[in-house]
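# Fold and geometry: a report
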Amino acid sequence: MRARLTKDFTFEAAQTLPEAPEGHKCRRMHGHSFKVEVSVEGDVDPTVGWVYDHANISAAMKPLLQILDHTYINEIEGLDNPTIENMAAWFWKKLEPLCPGLCEIVVHETASARCVYRGQ
């Protein structure tokens, strides 16, 4: 049996989008309550009954959340233009070596705006 496991994380941060068109509101400093969904997929281990231990995802995300929470994201290496698309790819690059079966990262910047990234 195959299954997908998803774990959610949140953090608060400020940002600017310096590459947005002149006059665009996102060029100004603003903040979001971000939500990140990390999904792994694989075969369910018949002995333990799961695909992957949730604690391993949490352990991989903990240092990233410590870097991001209550910061100005643009100052973080690799996030000088922190669109949710770029943030999703940044999370993927950091998590892929630590989370076998990583299949999807979703970054929400508001309740109605999100980016889905599958490592391509």
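Residues numbered from 1 in each chain as written. Predicted model: local features only at pLDDT ≥ 70, side-chain atom pairs only at ≥ 80, totals over all residues. Heavy atoms only, no water.

## With respect to the overall build of the protein
- From N to C terminus, the protein includes 2 helices and 5 strands.
- Mapped in sequence order, the helices and strands of the protein form the string β-β-α-β-α-β-β.
- Each principal axis of the C-alpha atoms in the protein carries an extent, and together these give about 55 × 25 × 25 Å.
- Among the 120 residues that make up the protein, the fraction classed as buried is 42%.
- A total of about 7000 Å² of accessible surface is found on the protein, and carbon and sulfur atoms cover 50% of it.
- In the protein, 12 side chains carry a positive charge and 17 a negative one; their mean positions are 3 Å apart. (Helix = DSSP H or I, 4+ residues; strand = E, 2+ residues; numbered from the N terminus. Buried < 20%, exposed > 50% of the residue type's maximum accessible area, 1.4 Å probe, protein only. Areas by Shrake-Rupley, 256 points an atom, 1.4 Å probe, with all protein chains shown as cover. Lys, Arg positive; Asp, Glu negative; His and termini not counted. Charge placed at Lys NZ, Arg CZ, Asp CG, Glu CD.)

## Brief notes about the pattern of salt bridges
- For the structure on display, the rule yields 8 salt bridges.
- Lys35 is the salt-bridge partner of Asp8, the closest N and O atoms lying 3.6 Å from each other. Note that Asp8 is positioned in strand E1 (residues 2-15) and Lys35 in strand E2 (residues 30-43), a separation of 27 residues in sequence.
- Lys35 gets classed as partly exposed once you look at its relative accessible area, which sits at 29%.
- In this structure, Glu104 and Arg118 form a salt bridge, with 2.8 Å as the shortest nitrogen-oxygen distance. Separated by 14 residues along the polypeptide, Glu104 in strand E4 (residues 102-110) and Arg118 in the segment after strand E5 (113-117) bring together distant segments of the chain.
- A network of salt bridges, in which partner residues are shared, links Arg2, Arg4, Glu41, Asp43, Glu104 and Arg118. (Salt bridge = Lys/Arg side-chain N within 4 Å of Asp/Glu carboxyl O.)

## Section: helix H2 (residues 84-95)
- Here H2 spans 16 Å end to end across 12 residues, near enough to the 16 Å set by a 1.5 Å rise per residue.
- Three or more residues of H2 are buried, namely Ile84, Met87, Ala88, Trp90, Phe91, Trp92 and Leu95.
- For H2, the elements touching its buried residues are E1, E2, helix H1 (54-68), E4 and E5. (Expected span 1.5 Å × (residues − 1). Contact = heavy atoms within 4.5 Å.)

## Focus: the sheet that holds E4
- In space, the 5 strands of this open sheet follow the order E3-E1-E2-E4-E5, with mixed pairing throughout. Taken across any chain shown, the strands that pair with only one partner, and hence form the sheet edges, are strand E3 (71-72) and E5.
- Pairing of E2 with E4, which is carried by 6 bridges, proceeds in the antiparallel orientation. Paired with Glu37 across the strands is Val106, a residue of E4.
- Taken strand by strand, H1 contacts E1, E2 and E3, and its axis lies near 15° from that of E1.
- Seen against the sheet, H2 touches E1, E2, E4 and E5 and runs at an angle of roughly 145° to E4. (Pairing = 2+ DSSP bridges. Axes fitted to C-alpha atoms, helices over the stretch in contact; angles between N-to-C directions.)

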